[in-house]
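# Reading the structure
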Amino acid sequence: MRFMASAGLVMILAGVAAYYTTDELSIFSVINLSVGPGLLVFVAIQETRRFQGFRGTFARRVMLRWALILTTVILAVVAINTAGRHWAGYLDFTIERSYTLAEQTVEVCKELAEDPSGTPAELLFFKDTHLARDVNLLIRSYESACDKIDARELLLAEAPSYAQPLLNAFEVTVLACRDQNCELVGFPNEENITNALIRLLKKQQIYAYFMFGHGEVDLANTTPLGFSELAASLRNVGIEPRGLVGPALTEIPTDAAFLILAAPQRDWLDAEIEILRGYLNGGGRALVFLEPEIDINFNGLLEEWGFELPPGVVSDRAVSPLIEDPDPISLLVNRYNTFHAITRKMGPRTMTLLPGTRAVLSVRKPEPDDRIGGIAFSSEHAWIESDTRAALQGRPTQPDPGELGGREIPLVAAGSYPREGQEARLVIFGDRDFASNRRLPTLYNVDLLLNAVRWLAEDERHIGIRAKTWTPHQDPFTLQQTLKYFYSFAFLLPEVLLLIGINAWYRQRG
Amino acid sequence: MIHRLAALFVKELRTLFASPIAYIVLTSFVSLSGVYFFQHILAYNRLLFVIQSEAVSSRSFDAGTIPIHVNALNDLFIPLSNDFSLFLLAVVPLITMRVFAEERAQGTDELLLTTPLRSWEVVLAKYATTFFFVLLILAASAIYPTIVVNQSGLGIAHLLTLYFGLFAYGTAIAAIGLACSSLTQSQIVAAILAYAIPFIFLDFSWLEPALSENVAGFMRTLALQTRFEGFARGVIELRNLLYFGGAVVIGFTVSLSALELSRAR
């Protein structure tokens, strides 16, 4: 009987296991799942017949009582569970429900409240558009968090006249308006709504000038290597990009909030260098992207401002994405100078990707009051690979004995230089690809870039991390992080527990 | 009564930790969790890498090309949570198998039955000890999902929801195991039953082809894994709590009946 019972159980398990493995109810599963329970029922009947355990009246009474109790309990549990299928009580702790407005949005709300004009902003939310349901909760969050925001839910046909021009030209779910002035919110997420509010708060138009004429990346280029995403990001935060042809340059426009020098490939004319030097000496600002293999006379100007640009590409296996064959020049940067305004909100979790970057060392202050230094760094395992071509082509590279520095290498640096009552500012990225169309939306690249832009435009108040979307982060883990977790917890913890167990065993035997 | 229960609880706990089995089970659970945690991180990174490499034919993480459903919740946290639930299924019967069966095999249950202790107090103490051990196992392995939560921005409430679900799931499995242990004096039989019953109840999808839509739907609601999935997603549903609570109540009643019948015999 015992064997038959075991065989029945084994057959059921084999039948179920075969189904789970092959994902189909094969003949093997059907036979096992039919014969197995049959054997168990047969054994149960035989055992019940042979059962002589409760001979006395007392024992039978106890058995009967407990059989009744057990049956009642099982029936009650089944009844409650059956009824419970229709009860909708739940507590939702999903990321969508635990959504809180970003720090940047709260800051914008404060700014609206502190604005001396006292004019409130309106969020016109059109409930007859197809994204209305998704955005309803978000609009309510704005309304409850910001005293100076009125959320108006209305039909497209009920839109006020000042909103009509935008409604006629675009498909709109949300519009941000203030003083009868409206700003378009693209896809209605927190980032875009907050940026529209920031644009409404701007007192005057800000212009950023892109320099052309030395092989720089094109702003209008929409290919993966182009900078059209960068131009769109600037417009989204209220900065209008304009072009400036370098060789025809006579002066930098006075309305330039800052210049963008997107990896010039060819030498500059001496006159151009002189104009740029004069602009910076007069308190100008510039955002500079470099490339590892390009060494032109423009780099000399950066050296005048205290930077050194050693040849080679930064390689660092420790901060490569964790894959079988880590690419040492694809750097997932997670170390920032948190004392600098640009990176004060960045941390180990807000990683940026700098693929194939050169080092930007800050070696000396041109004037005693100047402040220069790195703001984003490699790990201390990095080295500057002198064979740039091999590294960029993905061929295996190893650090030469002299190449290992044992220190964090700055990949992005910033400098501020008080001059003639003004303050010149420079931000230098060692990599142009960082801001290209294919890399800019990666991880927190946009955040770092926009923070740099805001610092250059003296708009420090809006420096932060962009408002999050509802999606959990899509950040990878670096090799260094994972190995740290693995050795600390996956090995150490079980090891300690096992040692305690062995100790308990010996003590018991003793 | 509280003193008696506390004394019984401490006695059961001492018995449990006097043998190396508790440590072996703890170590196994933590090791399995650690290894799978590492494997999931590798798989998650590889997934991100493959998606992005395919999109732009590049050897690094690129942009905006990751579909919205590929994220740390779907591809790291939920698979890890499901693994945890299966590991519970694997290790909890190792603890429950001995609780009643060992006493019966060694004859020490006779002593217990002749004391003035009530049966429900004895059973309650054994259940409480086992549930405490389940909690201990989960606490020891909490570091892995905590790392994921920290990395993915899911929030502490989501992590606590998962652990609440794992605890409910673990207590249901433990209750089934303890009920099996109370019905036999063989630890092996108790263990086989404690593995078999939750395994059969794990997922009834194998029965669905043979059932009508309504019945299949009902069977789906009986599956352990279906009931657990909500917790991993961050939702505590009343009906799932009723399900796991029901399993504990039935298990407790079975153990109590078995003890009362032993007394009667």
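Please read all numbers here as calculations on a predicted model, not as lab measurements.

Rules and cut-offs
- Residues numbered from 1 in each chain as written.
- Chains lettered and ligands numbered in written order.
- Predicted model: local features only at pLDDT ≥ 70, side-chain atom pairs only at ≥ 80, totals over all residues.
- Heavy atoms only, no water.
- Helix = DSSP H or I, 4+ residues; strand = E, 2+ residues; numbered from the N terminus.
- Rg over C-alpha atoms; globule rule 2.2 N^0.38 Å.
- Contact = heavy atoms within 4.5 Å.
- Areas by Shrake-Rupley, 256 points an atom, 1.4 Å probe, with all protein chains shown as cover.
- Lys, Arg positive; Asp, Glu negative; His and termini not counted.
- Charge placed at Lys NZ, Arg CZ, Asp CG, Glu CD.
- Pairing = 2+ DSSP bridges.
- Axes fitted to C-alpha atoms, helices over the stretch in contact; angles between N-to-C directions.
- Polar contact = N/O pair within 3.5 Å; in protein donor to acceptor, adjacent residues only side chain to side chain.
- Disulfide = S-S within 2.5 Å.
- Buried < 20%, exposed > 50% of the residue type's maximum accessible area, 1.4 Å probe, protein only.
- Core = buried A, V, L, I, M, F, W, Y, C linked by side-chain atoms within 4.5 Å.
- Domains from an automatic or database assignment.
- Phe/Tyr/Trp six-rings, centres within 6.5 Å; stacked < 30°, edge-to-face > 60°.

## Considerations on the overall build of chain A
Within chain A, the secondary structure is distributed over 13 helices and 19 strands. Against the globule reference of 24 Å for 510 residues, chain A gives a C-alpha radius of gyration of 33 Å, more extended than a compact globule. Each of the three principal axes of chain A carries a C-alpha extent, and together these read 115 × 70 × 50 Å. When contacts within chain A are restricted to residue pairs at least 6 apart in sequence, long-range pairs at least 24 apart make up 72% of them. When the accessible surface of chain A is totalled, it reaches about 24400 Å², and 56% of it is carbon and sulfur. Side chains of chain A give 48 positive and 62 negative charges; the mean places of these two sets differ by 14 Å.

## Topic: the sheet that holds strand S18 (residues 410-419) of chain A
Residue and element names in this part refer to chain A. The eight strands lie next to each other as S7-S6-S8-S9-S19-S18-S16-S13, forming an open sheet whose pairing is mixed. The open sheet has two edge strands with one neighbour each: strand S7 (239-245) and strand S13 (335-336). Both S18 and strand S19 (residues 422-429) contribute to a ladder of eight bridges, which runs antiparallel. Its bridge partner lying in S19, Pro418 is registered against Glu423. In the packing of helix H12 (residues 445-456) onto the sheet, contacts are made with S7, strand S8 (256-262), strand S9 (285-289), S18 and S19, and the angle to S19 comes to roughly 165°.

## Quick look at the side chain of Arg285 of chain A
Note on placement: Arg285 of chain A falls in strand S9. Engagement of the side chain of Arg285 of chain A in a polar contact is seen with the backbone oxygen of Leu456 of chain A, the distance being 2.9 Å.

## A look at the environment of Ile51 of chain B
Structurally, Ile51 of chain B can be placed in helix H2 (residues 20-56). Along the backbone, Ile51 of chain B and Arg104 of chain B are 53 residues apart, and their C-alpha atoms lie at a distance of 58 Å.

## A look at the state of the cysteines
Residue and element names in this part refer to chain A. Going through the model one piece at a time under the given rule, you end up with two disulfides over all chains. The partner cysteine of Cys109 in its disulfide is Cys146, sulfur to sulfur 1.7 Å. With Cys109 in helix H4 (residues 103-114) and Cys146 in the loop between helix H5 (132-145) and strand S3 (149-154), this residue pair connects regions lying 37 residues apart in the sequence. Considered together, Cys109 and Cys146 belong to a single accessibility category, that of buried residues. Once the disulfide-bonded cysteines of chain A are ranked by sequence position, their pairing pattern turns out to be 1-2, 3-4.

## Quick word on the nonpolar core
Residue and element names in this part refer to chain B. Tyr127, Tyr169 and Phe244 are the most contacted members of the largest nonpolar core, which totals 78 residues. If one sorts the elements of this core by residue count, helix H3 (residues 72-99) sits on top with 14 residues. In this structure, Phe244 is in contact with Ala168, Tyr169, Ala172, Leu224, Arg227, Phe228 and Phe231, ignoring residues within four places of it in sequence.

## Remarks on unusual backbone geometry
Residues and elements named next belong to chain A. Positive phi, normally seen in glycine, also occurs at Asp179, with a value near 55°. The backbone phi angle of Gln180 is positive, close to 65°, even though this residue is not glycine. Secondary-structure assignment places Gln180 in the loop between strand S4 (174-178) and strand S5 (181-184). Here Gln180 falls in the exposed class, since its relative accessible area comes to 59%.

## Examining the pairing of strand S2 (residues 121-126) of chain A
Residues and elements named next belong to chain A. Here S2 lies mainly inside the structure; six of its six residues are buried. Side chains of S2 alternate between two faces, with Ala121, Leu123 and Phe125 and Glu122, Leu124 and Phe126 buried alike. Pairing of S2 with S3 involves six bridges; the strand directions are parallel. Each residue of the ladder has a partner; that of Ala121, found in S3, is Ile149.

## Some points on the domain arrangement of chain A
Note: interface size is frequently given as the accessible area lost on complex formation between the parts. Partitioning chain A into domains gives domain 1 (2-84), domain 2 (103-190), domain 3 (207-476) and domain 4 (486-510). Put simply, the middle of domain 2 of chain A and the middle of domain 4 of chain A, counted by C-alpha atoms, are 59 Å apart.

## Some thoughts on the packing of aromatic side chains
Residues and elements named next belong to chain B. If you walk through the whole model with that rule in mind, you get 20 aromatic pairs over all chains. Ring centres of Tyr36 and Phe87 lie 5.1 Å apart, and the angle between their planes is 70°; on these two criteria the pair is classed as edge-to-face. Highlighted residues: Tyr36 in helix H2 and Phe87 in helix H3, separated in sequence by 51 residues. Since its relative accessible area comes to 37%, Tyr36 is described here as partly exposed. Here Tyr127 and Phe131 contribute two aromatic rings whose centre-to-centre distance is 5.8 Å and whose plane-to-plane angle is 80°, an arrangement assigned as edge-to-face. Of the two residues, Tyr127 and Phe131 are both situated in helix H6 (residues 119-140); the distance of four residues between them amounts to about one turn of the helix. Here the two residues Tyr127 and Phe131 agree in accessibility, since each one is buried.

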